[in-house]
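These are the residues of each chain, in order.
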Amino acid sequence: MDIMRTHYASDITPEMDGDTVTVAGWIHEMRDLGGIYFLVLRDRGGFMQITMVKKKTDPELFDSARRLIRESVLTVTGTVKREDKAPRGYEIIPQTLSVLSESDSPLPMDITGKVDADIDTRLDSRFIDLRRRKTLDVFVIRHHALKAMRNFLENEGFIEIHTPKVVAAATEGGTALFPITYFNREAFLNQSPQLYKQIMMSAGFNRVYEIGAIFRAEEHDTLRHLNEATSIDIEASFMDHLDVMGILERLVHEVYAQVAVDCAPQLEELGIELSVPKLPFKRVSYDDALEIALSEGHTIEWGEDFGTAAERAIGNAIGEHYFLTDWPTEIKPYYTHPYDDKPVYSKSFDLMHPRMELASGSQRIHSRKILHEMIEAHGLNPDGFDFYLKAFQYGMPPHAG
RNA sequence: GUCCGGAUAGUGUAGUGGCCUAGCAUGGAGCCCUGUCGAGGCUCCGCCCCGGGUUCGAAUCCCGGUCCGGGCGCCA
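In what follows, the accompanying structure is described. Treat the numbers as computed from the prediction; the structure is a model and nothing was measured.

## Focus on the overall build of chain A
Now for step 1: Of the regular secondary structure elements, chain A holds eleven helices and 16 strands.
Now for step 2: A compact globule built from 401 residues would reach a C-alpha radius of gyration of about 21 Å, whereas chain A, at 28 Å, exceeds it by more than 25%.
Now for step 3: Its C-alpha atoms put chain A at 90 × 55 × 40 Å along the principal axes.
Now for step 4: Accessible area for chain A stands at about 21,700 Å²; split by element, carbon and sulfur atoms hold 51% of it.

Structure representation (structure tokens):
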């Protein structure tokens, strides 16, 4: 246990009646009823009520408690008292109470849930926003989701890697990169582990994954896009896109199932009812999806990507998680493997939630010659890809991710 | 980038030309109150984004700017 406390809020039970404990946390609220004074102390695990009856409390302690400022950091040493009228069946009767850090007042936003704050206000005062229970819940859920993914991938024989984040060249077209100064040279923040995880395939690592930060300098302005995000990438050798889809759908299923169990209190607090998607996910080819979009009145030419509205129409028609497969080769990245017998289509997929895209993948081209041609066909300069193309010269297995 | 919409106490909002010396909630200061758990009651404190313009008169209408939200686009 920490040196300044003996218990967290979540450790204390009514059965500990009579025990002396030292707790620490932030002052969440106080309620002054005159003859009795309640102080609600918050730590990561929850809340605890500190109760002081005026007649039974040292006057100096009682007065100092009444002068406290919300969100100050406090340690309290006191006696646990079983009390049916108290929130969790117990309260703490303090002997000593010391302020470790006094808060300013007033607070930049309400954190008790009485008054909402706009997202902008919340981010401007993120240090306070992070104290809100619901914000913590999001972090807890995120943590459990990541843990479930790592467990799953580990069991599937994947090893976790971290690829370079400071890179030499703007390797591709498409998304813009953030330029930075690398000593006296220009460098960029990496937008994807793609090229590096493929190089790991040439090295025989067989199955790798990375969960890490990516940076994209797009001036897009939607709720679904961030300039700094966390990406989850896998790459595996001797596999095609169908194998990857199999792994991915089980991964997604597993994460939902684990989070539903591990984060039941957080989900309830946030009012989220999580439904675990059923396996296997539907496979819908690009051509079939195009037909759905057209029948819903959207105008899209074969070979075009679906817009937001069309994507949503398709999602509504299907109603659950699905794979959008066999995309036209020309709208997929240069490393996407075409079908040998029908090269205008590619061995590719997007994983879709009815309302948005979750992931995309494909079998990769593993022939250096074809890859070189495809880079040129996409209007890119192969010279910039030298470090990448070399990995395809000395034994690159078929792979997908 | 573009099209809509918006900006009022610390926070969230009401107010569409004079009734605004700007209402409410939350908050802060203080007082009352012995079982609160969004405690309650009373008193007080605190706000019209910036710059121009129209008008006898602007929080309100017009123009420009800045910032924010939503839709679309952009997005290996």
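## Thoughts on helix α8 (residues 286-295)
Now for step 1: Among all positions in α8, only Tyr 286, Ala 289, Leu 290 and Ala 293 are buried. On an axial view of α8, the arc spanned by its buried residues comes to 105°, and they lie on one face. Pointing more than 90 degrees away from the buried face of α8 are the exposed residues Glu 291 and Ser 295.
Now for step 2: Where α8 is buried, its residues touch β12 (282-285), α9 (308-318) and β13 (322-325).
Now for step 3: Trailing α8 by a residue or two, Gly 297 shows a phi angle of about 90°, which is positive.

## As for the packing of helix α4 (residues 133-155) against helix α6 (residues 241-262)
The packing of two helices is summarised by the inter-axis angle and the distance between the axes.
Now for step 1: For the pair α4 and α6, interaxial distance at closest approach is 9 Å and the crossing angle is 135°. Classed by the angle they form, the pair α4 and α6 counts as oblique. Along this stretch, α4 crosses α6, giving a crossing that reads as right-handed. Contacts between α4 and α6 involve Ile 141, His 144, Ala 145, Ala 148, Met 149, Phe 152 and Leu 153 on the former and, on the latter, Ile 247, Arg 250, Leu 251, Glu 254, Val 255, Gln 258, Val 259 and Asp 262.
Now for step 2: Each residue belonging to the contact of α4 with α6 can be placed in one class, and the counts come to ten nonpolar, two polar and three charged.

## Describing the pattern of salt bridges
Now for step 1: Within this structure, the stated rule accounts for 21 salt bridges.
Now for step 2: With its nearest N and O atoms 3.8 Å apart, the salt bridge here joins Lys 81 to Glu 91. Of this pair, Lys 81 sits in strand β4 (residues 73-82) while Glu 91 sits in strand β5 (residues 90-101), and the two are ten residues apart along the sequence.
Now for step 3: Residue Lys 81 is classed as partly exposed on the basis of its relative accessible area, which comes to 35%.
Now for step 4: Overall, Glu 91 belongs to the buried group, its relative accessible area being 5%.
Now for step 5: Note that Lys 369 and Glu 373 form a salt bridge whose closest N and O atoms lie 3.3 Å from each other. Highlighted residues: Lys 369 and Glu 373, both in helix α10 (residues 368-377), separated by four residues, approximately one helical turn.
Now for step 6: Taking the relative accessible area as the measure of exposure, Lys 369 reaches 60% and is therefore exposed.
Now for step 7: The network of salt bridges with common partners includes Arg 122, Arg 126, Asp 129 and Arg 132.

## A closer look at the sheet that holds strand β14 (residues 348-353)
Now for step 1: The strand order across the open sheet formed by four strands is β12-β13-β14-β15, and the pairing between neighbours is mixed. Two strands in the sheet have a free side with no partner beyond their single neighbour: β12 and β15 (356-362). With strand direction ignored, the average angle separating the axes of adjacent strands in the sheet is 25°.
Now for step 2: With four bridges joining them, β13 and β14 adopt antiparallel strand pairing. The partner of Thr 325 across the bridge, within β14, is Phe 349.

## A look at the packing of α8 against α9
Now for step 1: Where α8 meets α9, the closest approach of the two axes is 9 Å, and the angle between their N-to-C directions is 100°. On the basis of their axis angle, the class for α8 and α9 is roughly perpendicular. Residues Ala 289, Ile 292 and Ala 293 of α8 touch α9, and the partners they reach there are Ala 310, Ile 314 and Ala 317.

## Digging into the side chain of Asp 137
Now for step 1: Here Asp 137 is to be found in helix α4.
Now for step 2: Buried within the structure, Asp 137 lacks any salt-bridge partner; Arg 133 is the closest side chain of opposite charge, at an N-O distance of 5.6 Å.
Now for step 3: Ignoring sequence-local partners within four residues, the contact set of Asp 137 consists of Gln 266, Glu 269 and Leu 270.

## Section: the sheet that holds strand β11 (residues 228-237)
Pairing between the strands of a sheet is mediated by backbone hydrogen bonds and can be parallel or antiparallel.
Now for step 1: A sheet is described by the order of its strands in space; here four strands give the open sequence β6-β10-β11-β16, paired in mixed fashion. What marks the edges here is a single partner per strand, and that holds for β6 (159-160) and β16 (399-400).

## With respect to the pairing of strand β9 (residues 185-189)
Now for step 1: As paired elements, strand β7 (residues 166-167) and β9 share two bridges and run antiparallel to each other. Each residue of the ladder has a partner; that of Val 167, found in β9, is Phe 188.
Now for step 2: Summarising the sheet, strand β8 (residues 179-182) and β9 pair through four bridges and their orientation is antiparallel. Bridge pairing links Thr 181 to Glu 186 in β9.
Now for step 3: Between β8 and β9, which pair antiparallel one after the other, the connecting turn spans two residues, and Phe 183 there sits at a positive phi close to 50°.

## Things to note about unusual backbone geometry
Negative phi characterises most residues that are not glycine, and trans characterises most peptide bonds.
Now for step 1: Between Ser 105 and Pro 106 the backbone carries a cis peptide bond, its omega angle lying at -5°.
Now for step 2: Unusually for a residue other than glycine, Asn 206 sits at a positive phi of about 70°.
Now for step 3: If you trace the backbone, Asn 206 turns up in the loop between α5 (194-202) and β10 (207-215).
Now for step 4: The phi dihedral of Phe 238 falls on the positive side, at around 55°, and the residue is not glycine.
Now for step 5: The topology assignment puts Phe 238 in the loop between β11 and α6.

Here is what the cut-offs are and how they apply
Residues numbered from 1 in each chain as written. Chains lettered and ligands numbered in written order. Predicted model: local features only at pLDDT ≥ 70, side-chain atom pairs only at ≥ 80, totals over all residues. Heavy atoms only, no water. Helix = DSSP H or I, 4+ residues; strand = E, 2+ residues; numbered from the N terminus. Rg over C-alpha atoms; globule rule 2.2 N^0.38 Å. Areas by Shrake-Rupley, 256 points an atom, 1.4 Å probe, with all protein chains shown as cover. Buried < 20%, exposed > 50% of the residue type's maximum accessible area, 1.4 Å probe, protein only. Arc of directions from axis to C-beta. Contact = heavy atoms within 4.5 Å. Axes fitted to C-alpha atoms, helices over the stretch in contact; angles between N-to-C directions. Parallel < 35°, antiparallel > 145°, perpendicular 65-115°, else oblique. Left-handed = near helix turned anticlockwise from the far one by under 90°. Nonpolar A, V, L, I, M, F, W, Y, C, P; charged D, E, K, R; others polar. Salt bridge = Lys/Arg side-chain N within 4 Å of Asp/Glu carboxyl O. Pairing = 2+ DSSP bridges. Lys, Arg positive; Asp, Glu negative; His and termini not counted.

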